[in-house]
Amino acid sequence: MYVVKSPLSDADLKTVAEALQGALVDLVDLALVAKQIHWNVVGPRFRSVHLQLDEVVDIARTHSDTVAERASALGVPPDGRAATVAAGSGIGAVSEGWVKDADAVGALVDALGAVIGRMRERVAATGDADPVSQDLFIGITADLEKHHWMFQAENG
């Protein structure tokens, strides 16, 4: 059933839909991972890392909403359910319990790096199929790379 008709061809829509869904899953998981670490970070840099993690949560949540709404605008129902996120995320698992500040920073460097790598693949995949979605992925990637840089600088 199509509620919203896409202006894209079927082939282009398939490419873009996969890219948008993958981005949604990665961004939802990034917000969850960052929040999990936010709650459990300990150490001398607790406050600065704690606050920096919330910045990542905010940007991931904002971008996940933008991605989901782009999918909807193209007639693709977004799927951000927990099972879908768990099955499709490119982010590795984070440990439970307290996380030392340096380890928390390292975990975010890894998580952001994983999402950035997949986001850059989406930039490449959507260029011809839908420059509008590609532009969205470019902006998201730029924001994530800024946070990636900042977390890398934390552990210098």
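Since the model is a prediction, treat every value here as computed from it, not as a measurement.

### What about the overall build of the protein?
Line of reasoning, step 1. Summing up its helical and strand segments, the protein has five helices and two strands in all.
Line of reasoning, step 2. Written out in order from the N terminus, the α and β elements of the protein read α-β-α-α-β-α-α.
Line of reasoning, step 3. For the protein, the spread of C-alpha atoms along the principal axes amounts to about 55 × 30 × 20 Å.
Line of reasoning, step 4. Classification of the 156 residues of the protein by burial places 45% in the buried group.
Line of reasoning, step 5. Long-range contacts, defined here as pairs at least 24 residues apart, represent 84% of the contacts in the protein between residues at least 6 apart.
Line of reasoning, step 6. As displayed, the protein offers around 8100 Å² of accessible surface, 57% of which is attributable to carbon and sulfur atoms.
Line of reasoning, step 7. Side chains of the protein give 13 positive and 22 negative charges; the mean places of these two sets differ by 2 Å.

### Some details on the packing of helix α2 (residues 46-73) against helix α4 (residues 101-126)
Line of reasoning, step 1. For the pair α2 and α4, the least separation of the axes is 10 Å and the interaxial angle reads 20°. Relative to α4, α2 is oriented roughly parallel. Of the two possible hands of crossing, α2 and α4 adopt the one that is left-handed. Listed contacts from α4 to Phe46, Val49, Leu53 and Val56 of α2 are Asp101, Ala104, Val105, Leu108 and Leu112.

### Quick word on the UniProt feature "domain: Ferritin/DPS" (unreviewed entry) in the protein
Line of reasoning, step 1. As annotated by UniProt and renumbered to match this structure, "domain: Ferritin/DPS" (unreviewed entry) occupies residues 18-153.
Line of reasoning, step 2. Secondary structure across residues 18-153 comprises 79% helix and 3% strand; the distance between its end C-alpha atoms is 33 Å.

### Digging into the nonpolar core
Line of reasoning, step 1. Leu30, Leu108 and Leu144 are the most contacted members of the largest nonpolar core, which has 43 residues in total.
Line of reasoning, step 2. With 13 residues, the top contributor of residues to this core is helix α1 (residues 10-40).

Rules used in this analysis
- Residues numbered from 1 in each chain as written.
- Predicted model: local features only at pLDDT ≥ 70, side-chain atom pairs only at ≥ 80, totals over all residues.
- Heavy atoms only, no water.
- Helix = DSSP H or I, 4+ residues; strand = E, 2+ residues; numbered from the N terminus.
- Buried < 20%, exposed > 50% of the residue type's maximum accessible area, 1.4 Å probe, protein only.
- Contact = heavy atoms within 4.5 Å.
- Areas by Shrake-Rupley, 256 points an atom, 1.4 Å probe, with all protein chains shown as cover.
- Lys, Arg positive; Asp, Glu negative; His and termini not counted.
- Charge placed at Lys NZ, Arg CZ, Asp CG, Glu CD.
- Axes fitted to C-alpha atoms, helices over the stretch in contact; angles between N-to-C directions.
- Parallel < 35°, antiparallel > 145°, perpendicular 65-115°, else oblique.
- Left-handed = near helix turned anticlockwise from the far one by under 90°.
- UniProt positions renumbered as here; feature names shortened; annotations may be inferred.
- Core = buried A, V, L, I, M, F, W, Y, C linked by side-chain atoms within 4.5 Å.

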